[in-house]
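In case you want the letters, here they are:
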Amino acid sequence: MEKLDQLRQYQDLFAKIELFRSEIDKRNQKVSEFEEKVAQMLAERAPHEERMEQGRGLARKFEADIADLESKIAKTQDQLSSATQASEYSGLRGQIEKYEADKSALEENLLTIFSKIEEIEGGLSDLDQRLGNARDEYQELKSRVMEENSDFEKEIGQMEAPLREARETVDEELLEIFDRLQPSLGSKILVSAAGGTCGGCHVSLAPQLMERIRQQKEVICCNFCGRVLQC
Ligand SMILES: [Zn+2]
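Residues numbered from 1 in each chain as written. Predicted model: local features only at pLDDT ≥ 70, side-chain atom pairs only at ≥ 80, totals over all residues.

A few words now on the overall build of the protein chain. Along the backbone of the protein chain there are four helices and two strands. When the helices and strands of the protein chain are read in sequence order from the N terminus, they spell out α-α-α-β-α-β. In terms of overall dimensions, the protein chain is more spread out than a globule: its C-alpha atoms have a radius of gyration of 40 Å, far above the 17 Å expected for 231 residues. In terms of overall dimensions, the protein chain has a C-alpha envelope of 130 × 35 × 25 Å along the principal axes. Out of the 231 residues belonging to the protein chain, those deemed buried represent 12%. Here the contacts in the protein chain between residues at least 6 apart in sequence split such that 70% fall between residues at least 24 apart. (Helix = DSSP H or I, 4+ residues; strand = E, 2+ residues; numbered from the N terminus. Rg over C-alpha atoms; globule rule 2.2 N^0.38 Å. Buried ≥ 20, exposed ≤ 12 C-beta atoms within 10 Å, placed from the backbone. Contact = placed C-beta atoms within 7 Å.)

Shown next, in the form of structure tokens:
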């Protein structure tokens, strides 16, 4: 039946354009997924930076406390050198010993903080390394996708006029079926009935129906899915 062949021609063009569109979507999807990944890595940075700031703040406080103790020690040593009485002398000595003990405890804390900061810095530079790599990869992906998509767009553009022309030739009844089913079933609306089953939904077709399809005198649709059948 000629009108089935016309539908076939229209359907093939339609399917090709659909395929190109879905390829474009797939590539755009990949780009957005990658953007998401980079955003996640950036978000990972914030808590590390916060810990680093806390660590640095603590280190500054310890350093100030140590400097304070050092000046107290120096002052007490001055007093010590001018002490005249034994009791005054041993009191000042005890004071200095206490300051020294406090100072070395603080110095130990400071060292712990420094090694923590170093650890965080290591983690951050590792993260930045990965972020840098991801950004490079992203740029590469994006430019490749833009190039490929523009090729697809070009192909689609070239098929738009033939599609319009093919549509004009399609029988009204068949076009109505195609437009009604296509949104839910996709672009394969005219299907083969070879083997006695519907090429769309694979339901078995009755022998009488098969005979009518073979005769090609009328448009026969699958009773189950509604697709147009052709032998
Ligand atoms: Zn069917």
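With that settled, consider the nonpolar core. Of all hydrophobic cores here, the largest spans 19 residues; its most connected members are L7, L174, L190, C198, V228 and L229. With four residues, the top contributor of residues to this core is helix 1 (residues 2-81). What C198 contacts, discounting residues up to four positions off in sequence, is V191, A193, V203, L205, C222, F224, C225, R227 and L229. (Core = buried A, V, L, I, M, F, W, Y, C linked by C-beta atoms within 7 Å.)

Phi is positive for H202, which is not a glycine, with a value near 65°. For H202, the position within the fold is in the loop between strand 1 (190-192) and helix 4 (207-215).

All right, on to the environment of I24 then. Among the secondary structure elements, I24 is positioned in helix 1. A count of 18 C-beta atoms within 10 Å places I24 in the partly exposed class. Taking the C-alpha atoms as reference points, I24 and H48, separated by 24 residues in sequence, lie 38 Å from one another. Discounting residues that sit within four places of it in the chain, I24 has contacts with N149 and F152.

Below, the discussion takes up helix 2 (residues 86-169). Taking 1.5 Å per residue, 84 residues should reach 124 Å; helix 2 reaches 120 Å between its end C-alpha atoms and fits that length. Where helix 2 bends most, the angle comes to about 35°, and this point is E160, followed within four residues by the proline P162. Residues Y99, I113 and I120 constitute the buried set of helix 2. Its buried side turned inward, helix 2 meets helix 1. (Expected span 1.5 Å × (residues − 1). Bend = angle between axes of the 7 residues up to and from the residue.)

With that settled, consider the domain arrangement of the protein chain. Note on interface size: it is often stated as the accessible area lost on association of the parts. If you check the domain split of the protein chain, you get domain 1 (13-160) and domain 2 (171-231). For domain 1 versus domain 2, the distance between C-alpha centres works out to 64 Å. (Domains from an automatic or database assignment.)

A few words on the packing of helix 1 against helix 2. It is the contact of helix 1 with helix 2, at a shortest axis distance of 5 Å, that shows an interaxial angle of 165°. Considering the angle they form, helix 1 stands roughly antiparallel to helix 2. Crossing hand, helix 1 versus helix 2: left-handed. Residue composition of the contact of helix 1 with helix 2, grouped by class: 41 nonpolar, twelve polar and 26 charged. (Axes fitted to C-alpha atoms, helices over the stretch in contact; angles between N-to-C directions. Parallel < 35°, antiparallel > 145°, perpendicular 65-115°, else oblique. Left-handed = near helix turned anticlockwise from the far one by under 90°. Nonpolar A, V, L, I, M, F, W, Y, C, P; charged D, E, K, R; others polar.)

Inspection of the secondary structure puts F34 in helix 1. Since 18 C-beta atoms lie within 10 Å of it, F34 is described here as partly exposed. A C-alpha to C-alpha distance of 8.4 Å links F34 and A134, two positions 100 residues apart in sequence. With near-sequence residues (within four places) excluded, F34 lies in contact with Y138 and L141.

What follows concerns the environment of K72. Counting through the fold element by element, K72 comes out in helix 1. Remark: the alpha-carbon pair of K72 and A206, spanning 134 residues in sequence, is separated by 105 Å.

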